[in-house]
Amino acid sequence: MNKKAYNLAEMVLVIAIIGFIVMLLYKTIDPSYKAVPLAYSRVFTSLEDAVYNSHQKIKEKNKTFPGADQNPDPYKAAQQLCKLIATDPMQSDDSGYINTVVYNCNDNFKTVPEYMTSNMFNDSNTAFVAANSMKFYISPLQQVRVINAVSPKQKIALRYFIVWVDLNGKKHPNSAFKNRKGIVDIVPFIVTTTGSVLPAGYPTTDIRYFSAYVQYPLDNKPISSQSRTYYDAQTAAFNGKEYPFYDEFSIRDSILRQHQGTALEIKSFSPQSSEYDPPCELKNKTDEPLCRVEINDRF
């Protein structure tokens, strides 16, 4: 039986075809396009649940949430937050709400800088590592004074932490700053001492991570606008104004101004929404917002 051998040209062609298929497969599973945005949605939901449940637990015990007392220690408050949201594998009780495989909330707890200007994330300042390999980092307690749009003469002090999450663990790029693919895998969330979790940084302008919409009442029937980036939804609902008493999701610019030059700063982005959605617009300067920003359902 005769067997026909492959010649060099045919071998090169086969290798080229295999390489092309591998390249397409890599693009399909590349975390820059699939895994990172999906992980963002999941961790946002997990963090919201953990903070909300922690806040309720503290409230039931008639205690104050970390950083909410009169003269808080910024670093101790961050450690307390770590203990509240992360499960200690050495404890037999139901401590925390995010399952961990690495837990550094005790004596070896360290924070990351309040004003992140470079990738200063490493194993030594990791607060904890979740069971899904995501790494969590926590900044010390911070405070910003927000001018209330309803009463411009009134400033409200907002205390918050920044919780940074490395969405894909040890996999690259391990950066909170945009790379040439326009993606980051270490993302920030604002956690307020009132128990809210606000998206922050570059993902708020990239619909690949998540989308938001404006919800408002009309004839007593709640209706909503189309999906858009979080930044656009804020602009459409609040037109750049901030209403800390009514909706903490309106707060953006005060925190951004405080973190210029850091990973929280949003560069080279112009919102597509330049004014209120019509049903949102205030009739009087003293009105409360008629809209609210809602994050689309996440996994």
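Residues numbered from 1 in each chain as written. Predicted model: local features only at pLDDT ≥ 70, side-chain atom pairs only at ≥ 80, totals over all residues. Heavy atoms only, no water.

S.K.: Outline the overall build of the chain, supporting the account with residue identities and numerical values.
M.R.: Secondary structure assignment for the chain yields five helices and ten strands. For the chain, the residues scored as buried account for 49% of the 299 residues in total. Nonlocal contacts in the chain, meaning residues at least 24 apart in sequence, comprise 61% of its contacts between residues at least 6 apart. Split by element, the accessible area of the chain, about 16,600 Å² in all, is 52% carbon and sulfur. (Helix = DSSP H or I, 4+ residues; strand = E, 2+ residues; numbered from the N terminus. Buried < 20%, exposed > 50% of the residue type's maximum accessible area, 1.4 Å probe, protein only. Contact = heavy atoms within 4.5 Å. Areas by Shrake-Rupley, 256 points an atom, 1.4 Å probe, with all protein chains shown as cover.)

S.K.: Any details on the packing of aromatic side chains? Residues and values, ideally.
M.R.: This structure, assessed with the given rule, holds 13 aromatic pairs. For the ring pair Tyr40 and Phe44, a centre distance of 6.1 Å and an interplane angle of 70° mean the geometry is edge-to-face. Of this pair, Tyr40 and Phe44 both sit in helix H2 (residues 35-60), separated by four residues, roughly a single helical turn. Ring geometry for Tyr40 versus Tyr209: centroids 5.4 Å apart, planes at 75°, classification edge-to-face. Of this pair, Tyr40 sits in helix H2 while Tyr209 sits in the loop between strand S7 (197-199) and strand S8 (212-218), placing them 169 residues apart in sequence. In this pair, the class of Tyr40 matches that of Tyr209, namely buried. An aromatic cluster of three or more residues is present, and its members are Tyr40, Phe44, Phe189, Tyr202, Tyr209, Phe210, Tyr230 and Phe249. One residue, Arg252, lies across the ring of Tyr231, its end atom 3.8 Å from the ring centre. (Phe/Tyr/Trp six-rings, centres within 6.5 Å; stacked < 30°, edge-to-face > 60°. Lys NZ or Arg CZ within 6 Å of the ring centre and 35° of its normal.)

S.K.: A description of the nonpolar core should follow, citing residues and the corresponding values.
M.R.: Residues Phe128, Phe136, Trp164, Val165, Leu167, Phe189 and Tyr209 are the most contacted members of the largest nonpolar core, which totals 78 residues. In this structure, Phe189 is in contact with Tyr40, Val43, Phe44, Leu47, Phe161, Ile162, Val163, Val165, Val197, Leu198 and Pro199, ignoring residues within four places of it in sequence. (Core = buried A, V, L, I, M, F, W, Y, C linked by side-chain atoms within 4.5 Å.)

S.K.: Talk me through the state of the cysteines; I want residue IDs and the actual numbers.
M.R.: Per the stated rule, a full pass over the model turns up two disulfides. Here Cys82 engages in a disulfide with Cys105; their sulfurs sit 1.8 Å apart. Looking along the S-S bond of the Cys82-Cys105 disulfide, the torsion reads about -55°, which is the left-handed sense. Here the residue Cys82 occupies a position in helix H3 (residues 74-85), and Cys105 occupies one in the loop between strand S1 (100-103) and strand S2 (128-130), the gap between them amounting to 23 residues. There is no split in this pair, since Cys82 and Cys105 are both buried. (Disulfide = S-S within 2.5 Å.)

S.K.: Which residues make up the pattern of salt bridges, and what are the values?
M.R.: Oppositely charged side chains are able to pair whenever their charged atoms sit close together. Scanning all chains against the criterion turns up five salt bridges. In this structure, Lys135 and Asp123 form a salt bridge, with 3.1 Å as the shortest nitrogen-oxygen distance. Highlighted residues: Lys135 in strand S3 (residues 135-138) and Asp123 in the loop between S1 and S2, separated in sequence by twelve residues. Among the residues examined, Asp123 registers a relative accessible area of 59% and is labelled exposed. In this structure, Asp206 and Arg208 form a salt bridge, with 2.8 Å as the shortest nitrogen-oxygen distance. Among the residues examined, Asp206 registers a relative accessible area of 9% and is labelled buried. Assessed through its relative accessible area of 36%, Arg208 is described here as partly exposed. (Salt bridge = Lys/Arg side-chain N within 4 Å of Asp/Glu carboxyl O.)

S.K.: Which residues make up the environment of Tyr246, and what are the values?
M.R.: Positionally, Tyr246 belongs in the loop between helix H4 (230-238) and helix H5 (253-258). Residue Tyr246 is classed as partly exposed on the basis of its relative accessible area, which comes to 42%. Distance from Tyr246 to Val150, taken between C-alpha atoms, is 9.6 Å for residues 96 residues apart in sequence.

S.K.: Describe in detail empty space enclosed by the protein, supporting the description with residues and values.
M.R.: Applying the stated rule across the entire model yields two cavities of 30 Å³ or more. The volume enclosed by the largest cavity comes to roughly 120 Å³. Pro199, Ala200, Ile251, Arg252 and Leu256 are the residues nearest the centre of the largest cavity, which is lined by 13 residues in total. Every element with two or more residues in the lining of the largest cavity is listed here: S7, H4 and H5. (1 Å grid on protein atoms, 1.4 Å probe; cavity = no way out; pocket = protein on both sides within 12 Å on 5 of 7 lines; lining within 4 Å. Points joined across faces, edges and corners; volume = space filled by probe spheres on them.)

S.K.: Explain the pairing of strand S4 (residues 142-147) to me, using residue names and the numbers behind them.
M.R.: Covered by surrounding structure in S4 are Gln142, Val144 and Val146 only, the residues Gln143, Arg145 and Ile147 on the alternate face being uncovered. Relative to strand S5 (residues 155-166), S4 runs antiparallel, the two sharing six bridges. Note on S5: the bridge partner recorded for Gln143 is Arg159. (Pairing = 2+ DSSP bridges.)

S.K.: Tell me about the layout of surface pockets, and please be specific about residues and values.
M.R.: Taken as a whole, the largest pocket encloses approximately 270 Å³ of empty space. Surrounding the largest pocket, 16 residues form its lining, Ala149, Val150, Pro152, Lys241 and Tyr243 being those nearest its centre. Considered class by class, the residues forming the lining of the largest pocket number seven nonpolar, three polar and six charged. (Nonpolar A, V, L, I, M, F, W, Y, C, P; charged D, E, K, R; others polar.)

S.K.: Requested: an account of unusual backbone geometry, with residues and values cited.
M.R.: You will see that Asn62, though not glycine, has its phi angle at about 60°, which is positive. Residue position: Asn62 is located in the loop between H2 and H3. Residues other than glycine seldom take positive phi values, yet Asn239 does so here, at roughly 55°. Tracing the sequence through the fold places Asn239 in the loop between H4 and H5. Judged by its relative accessible area of 32%, Asn239 falls in the partly exposed class.

Honestly, that's just the spatial picture; any functional story needs more than this.
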